[in-house]
Amino acid sequence: MEEISPDVAARKAWLGLLAKCDAEQLQELWCSVDEPEHSMLRAPEIGGVMVRGRAGAVGAAFNLGEMTVTRCSVKLADGTIGHAYVQGRDKAKAQTAAMIDALMQTGQAAAIRAQILTPLQQTYDAAKATRAARAAATKVDFFTMVRGED
Amino acid sequence: MYVAVKGGEKAIDNAHAWLAEERRGDPTVTELSVAQIREQMTLAVNRVMAEGSLYDPDLAALAIKQSRGDLIEAIFLIRAYRTTLPRFGGSHPVNTDEMACDRRVSATFKDAPGGQVLGPTFDYTHRLLDFKLAADGEVAEAPQSPAPDTATPHIMSFLDRESLIQEEATGLETPDDLTRTPLELPASRALRLQALTRGDEGFVLGMAYSTQRGYARNHAFVAELRIGAVAVEMDIPELGFAIEIGEITLTECETVNQFKGSKTEPPQFTRGYGLVFGMTERKAISMALVDRALRWQELGEDNMGAPAQDEEFVLYHCDNIQATGFLEHIKLPHYVDFQSELELIRKLRREAMQMQEAAE
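Residues numbered from 1 in each chain as written. Chains lettered and ligands numbered in written order. Predicted model: local features only at pLDDT ≥ 70, side-chain atom pairs only at ≥ 80, totals over all residues. Heavy atoms only, no water.

A. The domain arrangement of chain B, seen in detail. Residues and elements named next belong to chain B. Once the domains are mapped, chain B shows domain 1 (10–82) and domain 2 (96–120 + 151–168 + 176–324). Taking the mean C-alpha position of each, domain 1 and domain 2 sit 29 Å from one another. Counting residues at the interface gives 14 residues for domain 1, matched by 20 residues for domain 2. A per-residue breakdown of the area domain 1 buries against domain 2 is headed by E51, Y55 and R79, which together make up 40% of the total. Taken together, the connections running from domain 1 to domain 2 amount to two salt bridges. With its nearest N and O atoms 3.1 Å apart, the salt bridge here joins D200 to R47. Taken together, the connections running from domain 1 to domain 2 amount to seven residue pairs in polar contact (both at pLDDT 80 or more). (Domains from an automatic or database assignment. Contact = heavy atoms within 4.5 Å. Buried area = accessible area lost by both parts, 1.4 Å probe. Salt bridge = Lys/Arg side-chain N within 4 Å of Asp/Glu carboxyl O. Polar contact = N/O pair within 3.5 Å; in protein donor to acceptor, adjacent residues only side chain to side chain.)

Here it is in structure tokens:
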């Protein structure tokens, strides 16, 4: 694995969150932000990505099937460029995500994190935790029956 | 000879109008929404995504609604839609080691680290119709327990440490893709796995079952079956690094089979592998069994002449869209073909009768 800088790691984290987050919540939170002046570098576009797996989970890669993805790139008035690749076919979500990616590279980063990314992450984590807790409740506790033969 | 015939446009339009009406059914009954199908017919949605080879629950639900619940027709719609999408790229191979498991069971190790987690399974239900579902009622909330915050390790990795399990070969990082180049034989394992994961559940199940009944000796244990969410990561050229572009639910099945060893390999266990979109447990187990049966050559086993060992038979017949396309085309007009058959049979009959008369 190549080393990545903390900046790249942080950007990876928010782009990944934006790709997976709930679109409705994202738009609600985005409403509270004044939309910055921007131009469209790449209008929202729907496409497919071939998802791959590995034979036996560890061997050679193979094609599992595609998933839908929407991408978008925007440029703010100050020249900052934002990109987004989000799961599904929601063009508005892709555009909002690209704007957030751009703003996260500006002086507004702290405000955007607090207003948008943190609540999104909390919702995402809570949903994950609930599922994990439900799974944990279905874990089998074995007990051994007393056997008669000895 | 092919003769183009025109006509029937009005009949076709009217047939489609009636189809729309029949699809809707009794208008006094509430219409199904796509969201209802997505949320409540999840396993049908999963099957359509797996065999349609496109992970998008909303589209799969729409296809099921449009096809009146005919899942092969729905898969057909998804396959057709898929071809219209520009391909943005290929993901990194998903890391199922880091799956957030909803379910994880092993038939080989009772006390596997991570435990036996049943998840939302039909297993151990009594398969009695539940008439409470006919009256809409509230569902009690499922219990929760504290969950470990570590990933669940693969059971195969324990066998691997002792070298008791056959090593998996590495291959191309960009595997062959049967949606881009026609499938040619012999096929790489990557192509076989791609064909099986999108193959018809019924066909793959039947093939797998045949191996259990003795057509190719293939006694498999389910070392591990896991269902859960994994992140999908892809390199983004404009960024210069990889990001997560989404998260999908997968079912993974790893089987172990006893192997006596060959000239080059010591006695050890061998593997079969199944990985399928969605919660699709029957399909993933079937896939693993058929994958294992198809590996006879690589493992130096005998060809028993079993259907499940026959790569051409399995791979060329497992795709339900290819199969249904060819099968159903025979109901479309073949008037000219049949006219010539009719001429021929009349001629043969005439000749046969003349011979009979002459003999009398």
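Additional details are given in the paragraphs that follow.
B. Spatial organisation of the environment of A151(B). Residues and elements named next belong to chain B. Residue placement: A151 occurs in the loop between β3 (100–105) and α6 (156–161). Taking the relative accessible area as the measure of exposure, A151 reaches 47% and is therefore partly exposed. Once residues within four sequence positions are removed from consideration, A151 is found in contact with D97 and E98. (Helix = DSSP H or I, 4+ residues; strand = E, 2+ residues; numbered from the N terminus. Buried < 20%, exposed > 50% of the residue type's maximum accessible area, 1.4 Å probe, protein only.)

C. Layout of the interface of chain A and chain B. Across the contact, 53 residues belong to chain A and 78 residues belong to chain B. Across the interface of chain A and chain B, roughly 5,500 Å² is buried in total on both sides, 60% from carbon and sulfur atoms. Together, R52(A), L64(A) and E66(A) form the three largest contributors to the area buried by chain A at its contact with chain B, with a combined 13%. The tally of links from chain A across to chain B stands at 10 salt bridges. For the salt bridge of R134(A) with E141(B), the shortest nitrogen-to-oxygen distance reads 3.8 Å. Mapped onto the side of chain A that touches chain B, the elements with two or more residues apiece are α1 (6–20), β1 (38–54), β2 (61–76), β3 (81–87) and α4 (109–137) of chain A. For the side of chain A that touches chain B, the per-class residue count stands at 26 nonpolar, 13 polar and 14 charged. Examined bridge by bridge, β2(A) and strand β1 (residues 54–55) of chain B share two bridges and lie parallel to one another. Bridged to M67(A) within β1(B) is Y55(B). (Nonpolar A, V, L, I, M, F, W, Y, C, P; charged D, E, K, R; others polar. Pairing = 2+ DSSP bridges.)

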